[in-house]
Amino acid sequence: CVGMAANMIGVNKRIIAFSVGPVIITMVNPVIIKKSKDTYETEEGCLSLFGTRKTTRHQEIEVEYFDIKFKKCKQKYSGFPAQVIQHEIDHCDGIVI
């Protein structure tokens, strides 16, 4: 699972894209609407930084977003895909681990 936020490559839009296996998922204007109380400490790397940084992530999240055809979607994610989405949405919010 690998992700990218549009603003990290100079595109001033709230768009993220990430892969889950061979599938690439694009989210336009993603918003986390629910977070599990279960959190965990992890270390993340980022193409914007050298090395890794410690951070806290929620085990499960629910996200509202528009897909690439601008259809409104709502989806639950858990585990590593949820971690990647949280990381990329942080970028959209101006947060760099």
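Refer to the structure printed above.
Read on for a plain summary of the structure.

About the criteria used
- Residues numbered from 1 in each chain as written.
- Predicted model: local features only at pLDDT ≥ 70, side-chain atom pairs only at ≥ 80, totals over all residues.
- Heavy atoms only, no water.
- Pairing = 2+ DSSP bridges.
- Helix = DSSP H or I, 4+ residues; strand = E, 2+ residues; numbered from the N terminus.
- Axes fitted to C-alpha atoms, helices over the stretch in contact; angles between N-to-C directions.
- Disulfide = S-S within 2.5 Å.
- Core = buried A, V, L, I, M, F, W, Y, C linked by side-chain atoms within 4.5 Å.
- Buried < 20%, exposed > 50% of the residue type's maximum accessible area, 1.4 Å probe, protein only.
- Contact = heavy atoms within 4.5 Å.
- Phe/Tyr/Trp six-rings, centres within 6.5 Å; stacked < 30°, edge-to-face > 60°.
- Salt bridge = Lys/Arg side-chain N within 4 Å of Asp/Glu carboxyl O.

**Description of the sheet that holds strand 1 (residues 3-5)**
Right, so step 1: With respect to topology, five strands assemble into an open sheet ordered 1-2-3-6-7, the strand pairing being antiparallel. Each of the sheet's edge strands pairs with one partner strand only, and the pair in question is strand 1 and strand 7 (72-78). The average angle at which neighbouring strand axes cross in this sheet is 40 degrees, direction not considered.

**Points about the state of the cysteines**
Right, so step 1: For the coordinates displayed, the defined rule picks out zero disulfides.
Right, so step 2: Of all cysteine sulfurs, the one in cysteine 92 lies closest to cysteine 46, which takes part in no disulfide; the gap is 12 Å.

**Examining the nonpolar core**
Right, so step 1: Judged by nonpolar contacts, the single largest core of 15 residues is most densely connected at Ile16, Phe18, Met27, Val63, Tyr77 and Ile85.
Right, so step 2: Only strand 2 (15-20), strand 3 (23-35), strand 6 (60-66), strand 7 and helix 1 (79-92) provide two or more residues apiece to this core.
Right, so step 3: Here this core takes five residues from helix 1, the largest share from any one element.
Right, so step 4: Setting aside its immediate chain neighbours within four residues, isoleucine 85 contacts Ile16, Phe18, Met27, Ile61, Val63 and Tyr77.

**Side note on the packing of aromatic side chains**
Right, so step 1: Tallying each qualifying case throughout the model produces one aromatic pair.
Right, so step 2: Ring centres of phenylalanine 18 and tyrosine 77 lie 6.1 Å apart, and the angle between their planes is 80 degrees; on these two criteria the pair is classed as edge-to-face. On the criterion of sequence distance, the pair formed by phenylalanine 18 in strand 2 and tyrosine 77 in strand 7 is long-range, its members being 59 residues apart.
Right, so step 3: By relative accessible area, phenylalanine 18 is classed as buried at 1%.
Right, so step 4: The class for tyrosine 77 is buried, based on a relative accessible area of 12%.

**Thoughts on the pairing of strand 7**
Right, so step 1: In this structure, strand 6 lies alongside strand 7, joined through seven bridges in antiparallel fashion. Following the sheet pairing, tyrosine 65 is matched in strand 7 by cysteine 73.
Right, so step 2: Between the end of strand 6 and the start of strand 7, which pair antiparallel, lie five residues, with phenylalanine 70 showing a positive phi angle near 65 degrees.

**A few points about the pattern of salt bridges**
Right, so step 1: Summed over all chains, the structure comprises four salt bridges.
Right, so step 2: The salt bridge involving arginine 57 is made with glutamate 44; its shortest N-O contact spans 2.8 Å. With a gap of 13 residues between them, arginine 57 in strand 5 (residues 52-58) and glutamate 44 in strand 4 (residues 39-45) connect regions that are remote in the sequence.
Right, so step 3: Residue arginine 57 is classed as buried on the basis of its relative accessible area, which comes to 4%.
Right, so step 4: Where arginine 57 meets aspartate 90, a salt bridge forms, and the shortest distance between an N and an O atom there is 2.8 Å.

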